[in-house]
Amino acid sequence: ELRERRAAYERLHSAMGSSNTAELEEAVALASGLDVDGTDIDLAKSKLEQLRSLSAAEVAAEEARKQLMETKLRAYQLVKQGKAAALGELLRDASLAGLWPHWRDHSGRSLLVYARQVKGKTVQDCLEQLLAVEVAESQARAGPSSPSSPTCGSLSSLAPEHEHVPRDASPSPERSAAN
């Protein structure tokens, strides 16, 4: 009986982490029948009511957000593992176009900065090539009225920061003369 109750408790908490209402309904029913703590069942029921109140668009948006977070996590794992080919394939996905250069990990590092820190030369080369493609495509989308060569403003929005140096920390002629 203890094993069954523990399994029901684990299933309940697992179902609460997903957005599958049918799975959560089954877990609540199972937990109720096996004398699982009432507060856990109440939490699960409130989560179930919350899920039922969401519109289809909200559910789809939440699923898309979860998928993007999993993809981002996978990208950082591939950088650490040095798997440039798999990373390139993952980032070439059309749904990620323009997004991945802006990703930051928990330490505020872009994929390229992280690749440099873990000394992943092949991954770093792959990311630099993909970034060049991103910059070229963003300029093509901007149209013919944009300058033919990238400006610092257009690159700074797409290019990951290579170093953690403030933009105003670069020496200017006025600062050099003052020093």
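This text goes with the structure placed above it.
Residues numbered from 1 in each chain as written. Predicted model: local features only at pLDDT ≥ 70, side-chain atom pairs only at ≥ 80, totals over all residues. Heavy atoms only, no water.

Caption draft 1: Representation of the overall build of the chain within the structure. On a plain count of helices and strands, the chain comes out with nine helices and zero strands. The linear arrangement of helices and strands in the chain, starting from the amino end, is α-α-α-α-α-α-α-α-α. Here the chain holds 179 residues, and 28% of them are scored as buried. Considering only contacts in the chain between residues 6 or more positions apart, those separated by 24 or more positions represent 59%. (Helix = DSSP H or I, 4+ residues; strand = E, 2+ residues; numbered from the N terminus. Buried < 20%, exposed > 50% of the residue type's maximum accessible area, 1.4 Å probe, protein only. Contact = heavy atoms within 4.5 Å.)

Caption draft 2: Local environment of the packing of aromatic side chains. Throughout the structure, instances matching the rule amount to one aromatic pair. Where Tyr76 meets Tyr114, the ring centres are 5.7 Å apart and the plane angle is 50°; that geometry is what we call tilted. Of the two residues, Tyr76 is situated in helix α4 (residues 56-81) and Tyr114 in helix α6 (residues 111-117); the sequence distance between them amounts to 38 residues. An identical accessibility class is assigned to Tyr76 and Tyr114; each is buried. (Phe/Tyr/Trp six-rings, centres within 6.5 Å; stacked < 30°, edge-to-face > 60°.)

Caption draft 3: Expanded view of the pattern of salt bridges. Applying the stated criterion to the full structure yields eight salt bridges. The shortest N-O distance in the salt bridge between Arg52 and Glu25 comes to 2.3 Å. You can see Arg52 sitting in helix α3 (residues 38-53) and its partner Glu25 sitting in helix α2 (residues 21-33), a full 27 residues away along the chain. Arg52 sits in the partly exposed class, given a relative accessible area of 44%. Through salt bridges with shared partners, a single ionic network connects Glu25, Glu49 and Arg52. (Salt bridge = Lys/Arg side-chain N within 4 Å of Asp/Glu carboxyl O.)

Caption draft 4: Representation of the nonpolar core in the model. Val79, Leu87, Leu91, Trp100, Trp103, Leu111 and Leu127 are the most contacted members of the largest nonpolar core, which has 19 residues in total. Those elements giving two or more residues to this core turn out to be α4, α5 (84-91), α6 and α7 (121-142). Top element by residues in this core is α7. It accounts for five residues. Setting aside its immediate chain neighbours within four residues, Trp103 contacts Leu68, Thr71, Lys72, Ala75, Tyr76, Leu91, Leu96, Arg109, Ser110 and Leu111. (Core = buried A, V, L, I, M, F, W, Y, C linked by side-chain atoms within 4.5 Å.)

Caption draft 5: Structural view of the packing of α2 against α3. With their axes 10 Å apart at the nearest point, α2 and α3 run at an angle of 155° to one another. With respect to α3, the element α2 is oriented roughly antiparallel. The handedness of the crossing between α2 and α3 comes out as left-handed. Counted together, Thr21, Leu24, Glu25, Val28, Ala31 and Ser32 of α2 and Ile41, Ala44, Lys45, Lys47, Leu48, Leu51 and Arg52 of α3 form the full contact between these two elements. Partitioned by chemical class, the residues of the contact of α2 with α3 number seven nonpolar, two polar and four charged. (Axes fitted to C-alpha atoms, helices over the stretch in contact; angles between N-to-C directions. Parallel < 35°, antiparallel > 145°, perpendicular 65-115°, else oblique. Left-handed = near helix turned anticlockwise from the far one by under 90°. Nonpolar A, V, L, I, M, F, W, Y, C, P; charged D, E, K, R; others polar.)

Caption draft 6: Inspection of unusual backbone geometry at higher detail. For Lys119, which is not a glycine, the phi torsion comes out positive at approximately 55°. We classify Lys119 as exposed; its relative accessible area is 72%.

Caption draft 7: Structural view of the packing of helix α1 (residues 2-17) against α2. Interaxial distance between α1 and α2 falls to 9 Å at its minimum, and their mutual angle equals 155°. Between α1 and α2, the angle falls in the class roughly antiparallel. Viewed along their axes, α1 and α2 form a crossing whose handedness is left-handed. Here Ala8, Arg11, Leu12, Ser14, Ala15 and Met16 of α1 come into contact with α2, specifically with Glu23, Leu24, Glu26, Ala27, Val28, Leu30 and Ala31.

Caption draft 8: Representation of the environment of Asp37 within the structure. Looking at the element boundaries, Asp37 is found in the loop between α2 and α3. Distance in space between the C-alpha atoms of Asp37 and Arg5 is 9.7 Å, their sequence separation being 32 residues.

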